[in-house]
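Remarks on the overall topology
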Amino acid sequence: MRELNLPLPVARAILTPLYWASLHARLPFPVQRRLLDASSRVQLLPAGTVVRKIRLAGRPAERLTVGTTPTGTDAGAILYLHGGGYVVGSLATHRSLGARLARAAECPVYALDYRLAPEHPLPAGLDDAEAAFLELVEKHGYRPERIAISGDSAGGGLALALAQRLIAKHGITPGALGLIAPWTDPNAIPERNRDLVISKPWSRLCAAAYLGAADCGDIGYAPLTGVLRALPPTYVQVDESELLHPQCVELVEALRGAGVPVRFTETRGLWHVAQLQAGLVRPAAAVLSEMAEFLRDALHPADLRELG
């Protein structure tokens, strides 16, 4: 399918009313989910995308490859955790993003349909992600260091929490973390009321739904406050206009202070998780390609890759 290149003002004009109407604090979460799934139909898949429906640790999932993407376990894999405030988002909403990661990272992407709040609050989603990672190791034959964990927004926070749990509970470390505008501390209240995609009232509603009856000090809820040392190489991307921009800056500073190898990109002129529109907006495609290349290189260090 041919790629589009919408001018940024046009893309903004289209997306602003869509997000403001869909991610509305007064709209029931099931309605928000249906609206987002419907709008995801305009997300273009790269030519040659193969979507294989599977189950990971009992949850629906998709294995995404594109064209001649290597499929052996030595090629590595990416476990992708979608965003959506822990209450919305699905395999459909993030299929295009996952396929583009698979193409550029040169390895399969496993997208997980983890349980959502408020029906399934903390720690359900984290439990699902943990079980999925372990199944990729134990049943699919991937070595932990050949699995990168990636996610956007709430999925980025979930990815960080998963890495911390894998290290602390199982003594295993994933190969890399790829975090797109990660929401790593839902306790922090944004200074501004909204950006192009999300609003403060909606984010507070999501935070309460995800927390449920748990303790707000739980590091599974706010992994930014947890142990950061010994995490794998991490790439954080965020746009300067996002409500989560200050939190992402704080995360990067904390990671560097903990001795974690970090790459940080602050875009200007995009929006919250613009990577979802990589098939429509060229600057979003460019930054997503940078993430994919980082994960590819982390999973295949130079001394392990074929020369030439």
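Within each chain, residue numbers correspond to sequence positions counted from 1 in written order. Residue-level local features of this predicted model are given only where pLDDT is at least 70; pairs of side-chain atoms are given and counted only at 80 or more, and the full residue set underlies all totals for whole chains, interfaces and linings. With hydrogens and water stripped out, all remaining heavy atoms of the structure feed into the side-chain values.

**Some thoughts on the pairing of strand β5 (residues 147–152)**
In plain terms, the rule: Relative accessible area decides the class of each residue, using a 1.4 Å probe on protein chains only: under 20% of the type maximum gives buried, over 50% gives exposed, and in between gives partly exposed. Helix and strand assignments come from DSSP, with helices taken as H or I runs of at least 4 residues and strands as E runs of at least 2, each series counted from the N terminus. Any two strands with at least two DSSP-identified bridges between them are counted as paired.
The buried fraction of β5 is high, at 6 of 6 residues. On β5, burial covers both faces: I147, I149 and G151 on one face and A148, S150 and D152 on the other are all buried. Pairing of strand β3 (residues 77–81) with β5 involves 5 bridges; the strand directions are parallel. Directly across from L81, in β5, lies its bridge partner G151.

**A word on the sheet that holds strand β1 (residues 49–56)**
Our working definition: Fitting a line to C-alpha atoms yields each axis, with helices limited to the stretch in contact; the angle taken between N-to-C directions then spans 0 to 180 degrees. The contact definition used throughout considers only heavy atoms, calling two residues in contact when any of these lie within 4.5 Å.
Spatially, 8 strands are ordered β1-β2-β4-β3-β5-β6-β7-β8 in an open sheet, and the strand pairing comes out mixed. Both edges of this open sheet fall to β1 and β8 (262–267), since each of them pairs with a single strand only. Taken over all neighbouring pairs, the strand axes of this sheet differ in orientation by 20° on average, direction set aside. Taken strand by strand, helix α5 (residues 154–170) contacts β3, β5 and β6 (176–180), and its axis lies near 145° from that of β5.

**Focus on helix α8 (residues 282–299)**
Turn by turn, an α-helix covers 3.6 residues, leaving residues three or four places apart pointing in a common direction. The criterion, for reference: Expected span, for any helix, means 1.5 Å times one less than how many residues it has.
In this model, α8 (18 residues) spans 26 Å end to end at C-alpha, consistent with the 26 Å of a helix rising 1.5 Å per residue. The complete set of buried residues in α8 reads A284, V287, L288, M291, A292, F294, L295, R296 and L299.

**A closer look at the layout of surface pockets**
To keep things clear, this is the line we draw: Using a grid of 1 Å spacing that covers the protein atoms alone, one calls a set of points a cavity when a 1.4 Å probe fits there but cannot get out, and a pocket when the set is open and has protein on both sides within 12 Å along at least five of seven lines; lining residues are those with an atom within 4 Å of a point. Grid points are joined across faces, edges and corners, and a volume is the space filled by probe spheres set on the points. Just so you know the grouping, Ala, Val, Leu, Ile, Met, Phe, Trp, Tyr, Cys and Pro go in nonpolar, Asp, Glu, Lys and Arg go in charged, and all remaining residues, Gly too, go in polar.
As a volume, the largest pocket reaches approximately 490 Å³. Every residue lining the largest pocket is counted, 35 residues in all, and those nearest its centre are Y19, L23, L36, V197 and L276. It is helix α1 (residues 8–22) that contributes the most residues to the lining of the largest pocket, 5 residues altogether. For the lining of the largest pocket, the class distribution of residues is 20 nonpolar, 13 polar and 2 charged. The computed volume of the second largest pocket comes to approximately 220 Å³. For the lining of the second largest pocket, the per-class residue count stands at 7 nonpolar, 2 polar and 5 charged.

**Some words on the environment of R165**
Of note, R165 is situated in helix α5. Residues R165 and K200 lie 35 residues apart in sequence; the distance between their C-alpha atoms is 28 Å. Excluding anything up to four places from it in sequence, R165 contacts P123, L126, D127, E130 and H170.

**A look at empty space enclosed by the protein**
Summed over the entire model, instances satisfying the criterion amount to 1 cavity of 30 Å³ or more. Approximately 50 Å³ is the volume attributed to the largest cavity. Among the elements that make up the lining of the largest cavity, the one with the highest residue count is strand β7 (residues 234–239) (3 residues). Grouping the constituent residues of the lining of the largest cavity by class yields 7 nonpolar, 3 polar and 2 charged.

**A short note on the nonpolar core**
For soluble globular proteins, the rule of thumb is that nonpolar side chains tend to be buried together. The cut-off we apply is this: To form a nonpolar core, buried Ala, Val, Leu, Ile, Met, Phe, Trp, Tyr and Cys residues must be joined to one another through side-chain atoms within 4.5 Å.
The biggest cluster of nonpolar side chains holds 97 residues, and the ones touching the most others in it are L56, L79, L81, L112, L162 and W271. Among all residues touching L56, those that are not within four sequence positions of it are A61, L79, Y110, L112, A132, E135, L136 and H140.

**A short note on helix α4 (residues 124–138)**
If you check α4, its first and last C-alpha atoms are 21 Å apart, about what 15 residues at 1.5 Å a residue would give, namely 21 Å. For α4, the tally of buried residues reaches 11 of 15 residues, placing the bulk of the element in the interior. Those residues of α4 that sit buried are A124, G125, L126, D128, A129, E130, A132, F133, L134, E135 and L136. Buried residues in α4 make contact with β1, β2 (59–66), β3, β4 (109–112), β5 and α5.

**Observations concerning the packing of aromatic side chains**
To keep things clear, this is the line we draw: Stacked, tilted and edge-to-face pairs are distinguished by plane angle, under 30 degrees for stacked and over 60 for edge-to-face with tilted covering the rest, among Phe, Tyr and Trp rings (Trp via its six-membered ring) whose centres lie within 6.5 Å.
On inspection of all chains with the given rule, the structure shows 5 aromatic pairs. For the ring pair Y110 and Y142, a centre distance of 5.9 Å and an interplane angle of 80° mean the geometry is edge-to-face. Residue Y110 is located in strand β4, and its partner Y142 is located in the loop between α4 and β5; the two are separated by 32 residues in the primary sequence. Of the residues examined, Y142 reaches a relative accessible area of 3% and is grouped as buried. Note on Y210 and Y221: the rings are 6.0 Å apart at their centroids and 25° apart in plane angle, and the pair reads as stacked.

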